[in-house]
Amino acid sequence: MLPTRLMLFLLSSAGVRRAAVTNGPALAAAFVARAPSARVPPSSSAAAAVLARASTARFMSTDAVAGEKTEEEKAAIKAAREARKAEKERKKAEKAAKKAAQKAAEEAANRIDEVTYLSAEDQESYAPMGDMTTVMSRSRSGREFVNVGDIGGNDEAKHGPGARVWVRGRLNSIRAKGGSCFLVLRQNSFDTIQAVYFKDKENPEQSAKMMKYLKTLTTESMVDLEGTVSTADVRSCSIQDAELVIERIHSVSNADAMLPFQVEDAARSEKEVEESQDTDRPFPRLGQEIRSDHRWLDLRAPANNAIMRIQSAVCQLFRESLYAQGFVEIHTPKLIAGESESGAGVFTTDYFGTTACLAQSPQLYKQMAISSDIDRVFEIGPVFRAENSHTRRHLCEFTGLDLEMAINEHYMETLEVVHKMFKHIFESLETRWARELEVIRTQYESEPVTFTEEPCVMHWPEAMDILRGEGFDMGDGLGDLTGAQELALGAAVKEKYGTDFFMLDKYPSDIRPFYTMPDPADDRFSNSYDMFIRGQEICSGAQRCHDPELVTQIIEKKGIEIGDGLKTYVDSFRHGVSPHAGAGIGLERVVFLYLGLDNVRKASMFPRDPNRCTP
């Protein structure tokens with residue numbers, strides 16, 4: 001609305017107009033002269049002045065028509081309207097700005113920023129919660145992280161009650177409700193500890209921010225947590241007599257909220273899954289394929305992680321025993337000019353215009369090492385077999401534990417060395433890796449492997465008699481054993497000799513590689529042997545044929561072409577070589593059978609089979 005004085009001015013102007021129409025210009029002029037001056041507020045003064053002048057001129061005119069407004073009047077009214085609108089918009093904007101500023105202040109107070117942790121000395125200047133900025137080796141803060149396994153609820157613990165410690169671990173689980181939060185940190189897949197946070201009534205704003213941040217954390221994220229050790233009774237964690245009272249927590253690496261599967265589901269035993277199927281909440285059964293597709297996640301399950309540690313332990317113990325028995329570790333080529341194992345599939349690749357093969361074993365080079373006067377050698381390395389086999393015990397790539405040694409008179413010298421090595425592995429696993437075995441056996445049931453003090457060696461004819469007694473048709477006894485026959489033989493040996501681990505020698509020559517020494521009494525058989533755990537083969541070996549003429553005859557008899565690779569192999573014998581024997585052991589198969597697993601892929605970190613070359 002127009003100011004009151006402006007309205008009076010307009011009414012006066014209307015009177016001038018009526019006087020002009022009725023009595024002529026002279027009377028109108030006189031009326032205007034007597035009209036009081038209209039005073040308007042500064043905000044409308046310009047519009048009012050224009051309007052006043054327009055009205056005066058108009059009403060002085062004898063030609064003015066009643067009810068019309070001049071252009072100047074219209075412009076003045078429009079200007080006044082726009083001024084009112086502008087004032088309204090100004091007040092609205094002022095209100096909005098005030099509201100936005102208030103909101104920004106509230107957001108700033110509640111915002112949880114990233115934390116760049118540069119120095120423990122400046123810790124008090126850092127927020128006690130918030131994601132850690134990406135670790136990019138900016139500095140070494142001076143924080144000392146501890147192992148969860150060293151925390152305890154008694155004074156004998158390395159970090160006991162009252163100690164303030166930093167721990168880095170994976171968020172195993174979290175439950176936040178109201179003013180409290182309980183979470184479990186997992187470290188090295190085995191060690192777990194509970195951490196707790198309770199609302200601080202003396203610092204409600206910071207407590208609210210801490211609870212807000214805790215609720216954003218996702219399971220499997222990597223977090224840094226500083227807490228005070230407190231006594232507790234927590235049966236669900238490996239640390240059962242202590243917990244951490246959270247002082248600070250920062251996520252170092254956030255896991256996706258939706259994972260392919262939960263680690264706790266990957267950690268369930270088959271028995272537990274099966275028993276849940278008839279309940280209201282059956283546990284999911286994770287197949288081998290989804291586990292292999294996301295193997296890194298599968299390996300976080302305690303038992304699966306422990307299997308990899310047992311695999312490492314077998315390699316360590318293999319080395320320990322052979323070093324103690326005078327062996328030297330060697331490293332042989334994996335790109336070779338021809339096949340190293342007759343009868344085994346080979347992967348080929350282009351080698352600068354010629355064809356090369358991925359080594360099916362280090363066999364030829366182990367023997368050439370003996371010709372080099374390194375009398376006892378071993379190697380741990382990859383082995384490649386292009387066999388289109390889809391069984392639960394075959395892989396296209398595995399780790400070979402190979403050994404070769406000079407012998408004086410008989411291959412039994414080698415069997416004694418290998419038996420001693422396996423005894424060292426079996427005994428040490430049960431004592432030095434007892435914790436890992438306990439973790440594995442909670443998910444995959446098995447018993448320790450039984451073995452004899454001295455080598456248990458069964459000869460081929462005895463094995464044939466046992467299997468015929470078990471109802472198998474063995475024909476002429478010159479064929480290879482099937483999987484079912486091996487299992488039946490293993491059961492019979494366990495019953496007769498009380499051992500899970502045994503050796504079978506004198507295999508038929510036709511089913512053994514070209515480098516195998518024939519039996520001097522009957523060349524239909526050979527000085528070869530296999531070794532078994534729980535009725536399944538883990539190792540194959542033999543006395544090697546070191547006579548260059550004899551090995552050439554065998555190669556030709558088997559229809560194998562002597563290329564450059566085999567020529568150099570035979571030549572190494574022509575220059576003189578010690579009689580020798582050896583063995584090739586499949587690491588994954590040893591672990592798979594020792595632990596009683598249902599699939600060799602569980603004993604391989606990233607298995608390779610005919611259908612899988614990733615991840």
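None of these values were measured; they are calculated from a predicted model. (Residues numbered from 1 in each chain as written. Predicted model: local features only at pLDDT ≥ 70, side-chain atom pairs only at ≥ 80, totals over all residues. Heavy atoms only, no water.)

**Side note on the side chain of D298**
For D298, the position within the fold is in helix 9 (residues 295-298). Given the relative accessible area of 2%, D298 is considered buried. In terms of polar contacts, D298 uses its side chain to reach the side chain of N304, at 3.0 Å. Discounting residues that sit within four places of it in the chain, D298 has contacts with F261, A266, R291 and N304. (Helix = DSSP H or I, 4+ residues; strand = E, 2+ residues; numbered from the N terminus. Buried < 20%, exposed > 50% of the residue type's maximum accessible area, 1.4 Å probe, protein only. Polar contact = N/O pair within 3.5 Å; in protein donor to acceptor, adjacent residues only side chain to side chain. Contact = heavy atoms within 4.5 Å.)

**Quick look at the packing of aromatic side chains**
In the structure shown here, the tally under the stated rule is 18 aromatic pairs. Ring geometry for Y351 against F352: centres 5.1 Å apart, planes inclined by 75°, an arrangement best described as edge-to-face. What makes Y351 partly exposed here is its relative accessible area of 41%. Geometrically, the ring pair formed by F502 and F532 is stacked, given 5.0 Å between the ring centres and 10° between the ring planes. Separated by 30 residues along the polypeptide, F502 in strand 13 (residues 501-505) and F532 in strand 14 (residues 528-533) bring together distant segments of the chain. Judged by its relative accessible area of 1%, F502 falls in the buried class. By the ring-pair criterion, three or more aromatic residues cluster together here, those being F422, F426, F451, F501 and Y594. Just above the ring of F283 sits the side chain of R268; from NZ or CZ to the centre is 3.6 Å. Over the face of the ring belonging to F190 we find R309, whose NZ or CZ atom lies 5.1 Å from the ring centre. (Phe/Tyr/Trp six-rings, centres within 6.5 Å; stacked < 30°, edge-to-face > 60°. Lys NZ or Arg CZ within 6 Å of the ring centre and 35° of its normal.)

**Some details on the pattern of salt bridges**
Counted under the stated rule, the structure contains 43 salt bridges. Here R432 and E320 are joined by a salt bridge, their closest N and O atoms 2.9 Å apart. Residue R432 is found in helix 12 (residues 412-432), and its partner E320 is found in helix 10 (residues 302-324); the two are separated by 112 residues along the sequence. With a relative accessible area of 43%, R432 lands in the partly exposed category. A residue is classified by how much of its surface remains accessible, and E320, at 29% relative accessible area, is partly exposed. (Salt bridge = Lys/Arg side-chain N within 4 Å of Asp/Glu carboxyl O.)

**So, the environment of S221**
Take S221: it is sitting in the loop between helix 5 (204-214) and strand 4 (222-231). Residues S221 and N172 lie 49 residues apart in sequence; the distance between their C-alpha atoms is 8.3 Å. When residues no more than four places from it in sequence are discounted, the contact partners of S221 are G169, R170, L171, S251, S253, N254 and A255. Within the structure, the side chain of S221 is placed 2.8 Å from the backbone nitrogen of A255, a separation counted as a polar contact.

**Quick notes on the packing of helix 11 (residues 363-371) against helix 17 (residues 564-574)**
Two numbers describe how helix 11 lies on helix 17: the axes approach to 9 Å, and their chain directions differ by 25°. Considered as vectors, helix 11 and helix 17 are oriented roughly parallel to each other. Judged by the sense of rotation from one axis to the other, the crossing of helix 11 with helix 17 is left-handed. Judged by residue contacts, L364, Q367, M368 and S371 of helix 11 engage L566, T568, Y569, S572 and F573 from helix 17. Across the contact of helix 11 with helix 17, the residue classes tally to 5 nonpolar, 4 polar and no charged. (Axes fitted to C-alpha atoms, helices over the stretch in contact; angles between N-to-C directions. Parallel < 35°, antiparallel > 145°, perpendicular 65-115°, else oblique. Left-handed = near helix turned anticlockwise from the far one by under 90°. Nonpolar A, V, L, I, M, F, W, Y, C, P; charged D, E, K, R; others polar.)

Function cannot be inferred from these measures alone, as they are strictly geometric.
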